[in-house]
Amino acid sequence: MEQGSCDSCGDDRDDLVAVHRHYVTPEAWDTPGRLDRVDEVERWCFPCRTHYPHETSQEPSR
Ligand SMILES: [Zn+2]
């Protein structure tokens, strides 16, 4: 875990983890659902990791 400001909510935290954000598009009557993974690594606090779709980055942390 890292210290700093969360890239999602901006709070100063000491529980940041490197993640890739997921953009989830719900299925609709004319389009299938999809999930886009953002290549850029962001650092998120625990509450953001609880609330928003993401995957943990496999890159070594700084
Ligand atoms: Zn946050």
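This text follows the structure it describes.
Just so you know, the residues in each chain are numbered from 1, in the order the chain's sequence is written. Totals for whole chains, interfaces and linings use every residue, but because this is a predicted model, local features are given only for residues with pLDDT of at least 70 and side-chain atom pairs only at 80 or more, for both listing and counting. Side-chain descriptors were evaluated using all non-hydrogen atoms of the structure, hydrogens and water having been removed beforehand.

### Considerations on the coordination of the zinc ion
- Each metal's donors comprise the N, O and S atoms found within 2.8 Å of it (within 3.2 Å for Na, K or Ca). Water is not part of the atom list, so some coordination spheres may appear incomplete. Every protein donor of the zinc ion is accounted for by Cys-6 (SG), Cys-9 (SG), Cys-45 (SG) and Cys-48 (SG), and the metal-donor separations fall at 2.3 Å.
- All donors of the zinc ion come from a single chain, and their spacing in sequence reads C-x2-C-x35-C-x2-C. Of this pair, Cys-9 sits in the loop between strand E1 (2–5) and strand E2 (12–25) while Cys-48 is found in helix H1 (residues 46–51), placing the two residues 39 residues apart along the sequence.
- Note on Cys-48: relative accessible area 4%, which makes it buried. A run of H or I in DSSP becomes a helix once it reaches four residues, and a run of E becomes a strand once it reaches two; helices and strands are each numbered from the N terminus. Only protein chains enter the calculation, and the probe is 1.4 Å; a residue is then buried if its accessible area is under 20% of its type maximum, exposed if over 50%, and partly exposed in between.

### Some points on the pattern of salt bridges
- Basic side-chain nitrogens of Lys or Arg form a salt bridge, by our definition, when they fall within 4 Å of a carboxyl oxygen of Asp or Glu. Taken as a whole and assessed by the stated rule, the structure comprises six salt bridges.
- Across the pair Asp-15 and Arg-13 runs a salt bridge, and its minimum N-O distance is 2.8 Å.
- Judged by its relative accessible area of 12%, Asp-15 is buried.
- In this structure Arg-13 comes out as partly exposed when scored by relative accessible area, which is 26%.
- We note a salt bridge from Arg-21 to Glu-42, for which the minimum N-O separation is 3.4 Å. In this pair, Arg-21 sits in strand E2 while Glu-42 sits in strand E4 (residues 42–44), placing the two residues 21 residues apart along the sequence.
- In the salt-bridge network here, residues are joined through shared partners; they are Arg-37, Asp-39 and Glu-55.

### Focus on the environment of Gln-3
- When you line up the elements, Gln-3 lands in strand E1.
- A C-alpha to C-alpha distance of 15 Å links Gln-3 and Val-41, two positions 38 residues apart in sequence.
- Only heavy atoms matter for contacts: two residues are in contact if any of them lie within 4.5 Å across the pair. In this structure, Gln-3 is in contact with Arg-13, Asp-14 and Leu-16, ignoring residues within four places of it in sequence.

### Some points on the environment of Trp-29
- Its location among the elements puts Trp-29 in the loop between E2 and strand E3 (34–37).
- With relative accessibility at 82%, the residue Trp-29 sits in the exposed group.
- Along the sequence, Trp-29 and His-51 sit 22 residues apart, while their C-alpha atoms lie 26 Å from each other.

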